[in-house]
Structures are given as structure tokens and as C-alpha cells.
Amino acid sequence: MSNCGTRNSIIHGWTSPRLTRSLAGDGSGKACGIFREKSAVIPAFRRSESARAGDLVEAVTYSDDDDDENQGLEFPGGRVTFTPQMKFIAESTDNRVPCYRVLDNNGCPIPGSTFDQVDKETAVKMYRKMVTLQIMDTIFYEAQRQGRLSFYLTSTGEEAINIATAAALTPDDILFTQYREPGILLWRGFTLEEFANQCFGTKDGHGKGRQMPIHYGSKEHNFFTVSSPIATQLPQAAGAAYSLKMANKEACVVAFTGDGGTSEGDFHAGLNFAAVMEAPVMFICRNNGWAISTPISDQFRSDGVVVKGQAYGIRSIRVDGNDTLAVYSAVRAAREMVITEQKPMLVEFLTYRVGHHSTSDDSTKYRSSNEIEQWKTGRSPISRFRKWVERNGWWSDEEETELRKDARKQVLNAIQVADKTEKPSLEDLFTDVYDSPPSNLVEQEKSLRETIKRHHQDFPSDVPI
């Protein structure tokens, strides 16, 4: 703020005959520039005893009979000044918010870039998990195409967001994700067998077959179960974060959504609640260009997602989501601010969904193969990070071959075991909600069993009754 404190309080083209000056300096008024030719600049607030030191070096006050309502309005959130000029806030500008980046497409650090240093152990682990996630996605996708899974969805092209974000958090941080963040669970110790059991709906799966494939959840890893409705996790995350604040926990909540999720009402409800209540939650948007078949050009007239944060009073940043070091550094910095200041944060990752939206989608119907291939080969987060790791002397072709061979073997074995594992019992449909099932639920179970008995040929034979 300037010495006059006029940033939030200037009114042009008006003077008051009853204006009296009270200056913290010598009383000359020269430093403030209060009187100007053809117009007057009048700070429209008084200095209060609670003002921070240095906020107002010089101030202007009015006599008791002055009409303050002509100067501004005390309104919740701060004083609002008046202006006789009709001015509209521009809908957008040609200058887009810049995107934080550390590594170029060849994996070379950009001169002058600032980022958190990553040691060899962490970097190698991050790279190994990124490759493992890619291989798991590929094989699980093929399993669905073979008819062994009912549904699947990959994170291809977004591996850096998954793994680097997970690496930048602590195990105490709580996750509310969408359906494209399995890499976070992979980093936290969720096994390939657990992934397979969930997708195949076995009795050993965390959801006991009651959720669609890829709707993972793990209480052990502070990972709330994924739900299908878009963006419902955002207001839930804001509430969970507020509970952490009330309990004085040194942790935060991290909530993910895609660019399509920002078009849902829950996105706005979640951000506004978090901002008003100052909840320690980090909202992360994977802006991958497409909400299924809808391009972002049909979703936004503003500059993407990052600018939405300011409207709610939330600090925001735009990051290259295919740059592993940039993702890691930005999330670490954002987490520190969220916890230290106990305020929300919005992070927009610019990335690209290389794969189809899901196994129910054919993305070549709405985007060109050349576009897909360009992002798959020229802007791959895995290949970019590998080049950086190799330049540090931390990785070799031999290790690459061994990693891919071993990861493929482990994934295939997990699928084979899950494919042969018994399905959950029918009674599991009615458990884990009520301590004592209510009468209507007991009646439903009884009715279902009678129906299966009469029409057993229409029900799967591998489900224990």
C-alpha cells in the first residue's frame, strides 16, 4: 500500500468543502498528493487503532458533520469505496496466467528455475512408481478388453501428477481423489494385489465387490473411497479439512478433480466453504484438456481453472503437470502454506489424457490421432523425468529393462490370483452400514434370497449365497 493508502480508496472528480487534513508527517500534505489539478484523490477511510503498523503512514479524516456515505460503505469483508464513474470489470485479458515449469521437454532444468532438490533415493523411487503405474494401467486395460473386468480407466499421460504429488505429501495428509489418482495409493504402499482384488471384486477387496472397478479406498492410507458422481468429494474435503483445523492437526486434505469437475456446483460449494472457513485443504485440478468428449474450449471462457481461485479468495498456481519436478516442488510449497497459514489452495496442473476417458470411450471420435501421439511421445512425463534422472547418473538402460520386466510379471501375477479368488458373500451386500440392520434391510435380504432361489439360473454361480 502506498503512503496514502489510496489503493482501495480513491474517488476521482469530487472534492469536499469540509475536508480537513490530519497527517502523520509535517502536515503539508505534499507527500500524499491529496489535491490535484481538476480532481481530488481522497482516501475514504480512517485509521483505526487495530490497523497494523505501517499500513497507513498518512491518513485523511473528516469533520463530524461530513457525510461519510458519499465516500464509501463499510461492508462485510472491508470498506468499499464509491466512484461516480461507471466501470465494469473486464471478463478476461489476453495475458494468460503463466505456468510454472522446471524441466524442458528434453529433461533439462530451465536456467533460473527454482525447485526443491530431490535426492537419488526419492527420485529413483518416483521414477519406478511412474513406470509401474503405466504398466499396471496397460495390463489392466487389456484385461478389460479380454472381458475379465467390467470397466477400467487409465492415468496414462498423468503419471507425474499421481506420483510427484504423493511424494510431496506426508502419510498423515488425507486424500479425496477422483478416479485417475491410483498412483497416490501405489506410492503409499497399496499393493498390486489390492488393486487387482478391487477391480475384480473379490472377497479380499477393500470394497467387497460393492464398488465399480478403480473406485479404490483405503483407511490405512488415509485415502477416501472414490465415488462415481463428479466433484462430490470437494465439499466433503473442505469439511474434513475444517475438522483437522478444529483438532489442531499438523496435516492437510488434498482433493482432486478434473477440468470437467469444475463445471459442477460442488466445485464452487467446496471452494467457497473452504475459503470462508479457512480450511487447510489443497484443491488440485487435472486440466487434461478433455471432460470425456468435451474440450476445455467448450467449458471455459475464462483462463482455465487457476483464475477461479481468486474469485473465492484462494491462493492459486498453474503448474506443468507433465513436469515431475515442478509438480513435486509446487505441491510441497502449497502444502506448507496450507498448513502454516491454515488456508486453502488451488493448484491447476496442465496435462493431457493420452488414453481414452475409460474403456467405455473411443477418444479418436472427437480428437485427432496426431494430437494424441504428439502428447504421448513428445511430452511424456515419464520420458522427460527419466532423462533428468539419467543425467544425474542415477539410472541405466539395464535397470530400465529389469524394472519393466519385473513390474509386468508382478501385475500379471496379481491379476491371475484375483481372477481365481472367490467373490464376496451375498450377505456382504447388507453389512458395514448399520450396527444392527433395520427391519426394512432385513426384509430386502430375505426377498433377494427368495428371488435367487426361484431364478438361480439368472444369477452368477460364483457368488456364495
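Quick caveat, the model's predicted, so the values are computed rather than measured. (Residues numbered from 1 in each chain as written. Predicted model: local features only at pLDDT ≥ 70, side-chain atom pairs only at ≥ 80, totals over all residues. Heavy atoms only, no water.)

Caption draft 1: Inspection of the side chain of aspartate 320 at higher detail. Checked against the element boundaries, aspartate 320 lands in strand 12 (residues 315-320). By relative accessible area, which is 9% here, aspartate 320 ends up buried. In this view, aspartate 320 contacts Cys99, Tyr100, Arg101, Ala326, Val327, Leu350 and Arg384; residues no more than four positions away in its chain are not counted. (Helix = DSSP H or I, 4+ residues; strand = E, 2+ residues; numbered from the N terminus. Buried < 20%, exposed > 50% of the residue type's maximum accessible area, 1.4 Å probe, protein only. Contact = heavy atoms within 4.5 Å.)

Caption draft 2: Looking closely at the packing of helix 2 (residues 159-168) against helix 8 (residues 324-341). Interhelical geometry of helix 2 versus helix 8 gives an angle of 40° and a closest axis separation of 8 Å. The angle between the axes of helix 2 and helix 8 places the two elements in the oblique class. Seen along the crossing, helix 2 lies across helix 8 with a hand that is right-handed. Each of Ala160, Ile161, Ala164, Thr165, Ala167 and Ala168 in helix 2 lies in contact with helix 8, whose residues at this interface are Thr324, Val327, Tyr328, Val331, Arg332 and Arg335. (Axes fitted to C-alpha atoms, helices over the stretch in contact; angles between N-to-C directions. Parallel < 35°, antiparallel > 145°, perpendicular 65-115°, else oblique. Left-handed = near helix turned anticlockwise from the far one by under 90°.)

Caption draft 3: Representation of the environment of arginine 79 within the structure. By the secondary structure assignment, arginine 79 is in strand 6 (residues 78-81). Looking at arginine 79, the relative accessible area reads 22%, which means it is partly exposed. At 3.0 Å, the side chain of arginine 79 forms a polar contact with the side chain of glutamate 74. (Polar contact = N/O pair within 3.5 Å; in protein donor to acceptor, adjacent residues only side chain to side chain.)

Caption draft 4: Spotlight on the environment of valine 281. Looking at where valine 281 falls in the secondary structure, it is placed in strand 9 (residues 281-287). Placed 29 residues apart in sequence, valine 281 and cysteine 252 show a C-alpha to C-alpha distance of 5.6 Å. Leave out the neighbours within four places in its chain, and valine 281 touches Ala237, Ala241, Val253, Ala274, Val338, Lys343, Pro344 and Met345.

Caption draft 5: Structural view of helix 11 (residues 397-420). Compared with the 34 Å implied by 1.5 Å per residue over 24 residues, the 35 Å span of helix 11 between its first and last C-alpha is a close match. If you check which residues of helix 11 are buried, you get Glu400, Leu403, Ala407, Val411, Ala414, Ile415 and Ala418. Buried-residue contacts for helix 11 involve helix 1 (120-145), helix 4 (192-200) and helix 10 (381-391). (Expected span 1.5 Å × (residues − 1).)

Caption draft 6: Expanded view of unusual backbone geometry. Here the phi dihedral of asparagine 222 falls at roughly 55°; this positive angle occurs in a residue that is not glycine. Here asparagine 222 is to be found in the loop between helix 4 and helix 5 (233-246). Phi is positive for glutamate 278, which is not a glycine, with a value near 50°. Tracing the chain through its elements places glutamate 278 in the loop between helix 6 (265-277) and strand 9.

Caption draft 7: Here's a closer look at the pairing of strand 6. In terms of strand pairing, strand 5 (residues 72-75) meets strand 6 through four bridges, oriented antiparallel. Within strand 6, the residue paired with glycine 72 across the bridge is threonine 81. If you look at the hairpin formed by strand 5 and strand 6, you'll find two residues sitting between the two strands, and glycine 77 has a positive phi there, around 105°. (Pairing = 2+ DSSP bridges.)

Caption draft 8: The arrangement of the pairing of strand 9 in detail. Here strand 9 lies mainly inside the structure; seven of its seven residues are buried. Alternating residues of strand 9 divide into Val281, Phe283, Cys285 and Asn287 and Met282, Ile284 and Arg286, and every residue in both groups is buried. Bridging between strand 8 (residues 253-258) and strand 9 involves six bridges; their strand directions are parallel. Paired with valine 254 across the bridge in strand 9 is methionine 282. Of the strand pairs in this sheet, strand 9 and strand 13 (residues 345-350) are connected by six bridges, and their pairing is parallel. Bridging from a neighbouring strand, asparagine 287 pairs with leucine 350 of strand 13.

Caption draft 9: Spotlight on helix 6. Relative to the 18 Å expected for 13 residues at 1.5 Å per residue, helix 6 spans 18 Å between its end C-alpha atoms, a close match to the ideal helical length. Those residues of helix 6 that fall on the buried side of the exposure criterion are Phe267, Gly270, Leu271, Ala274 and Ala275. One side of helix 6 holds all its buried residues, which, seen down the axis, span an arc of 120°. Against the buried residues of helix 6 lie helix 5, strand 9, helix 7 (308-312) and strand 13. (Arc of directions from axis to C-beta.)

Caption draft 10: Local environment of the confidence of the model for the protein chain. Scored by pLDDT, the protein chain has a mean of 87; 85% of the residues are at 70 or more. In the model, residues 1-66 has pLDDT below 50 throughout and makes 99 contacts with residues more than four positions away in sequence or in other chains. (pLDDT = per-residue confidence, 0-100.)

Caption draft 11: Molecular detail of the pattern of salt bridges. Evaluation of the coordinates by the stated rule reveals 23 salt bridges. Put simply, glutamate 74 and arginine 79 hold a salt bridge, and the shortest N to O gap is 3.0 Å. Linking aspartate 397 and arginine 386 is a salt bridge whose minimum nitrogen-to-oxygen distance equals 2.8 Å. Within this pair, whereas aspartate 397 is found in helix 11, its partner arginine 386 is found in helix 10, the two being separated by eleven residues in sequence. Residues participating in the shared-partner salt-bridge network are Arg386, Glu390, Asp397, Glu400 and Arg404. (Salt bridge = Lys/Arg side-chain N within 4 Å of Asp/Glu carboxyl O.)

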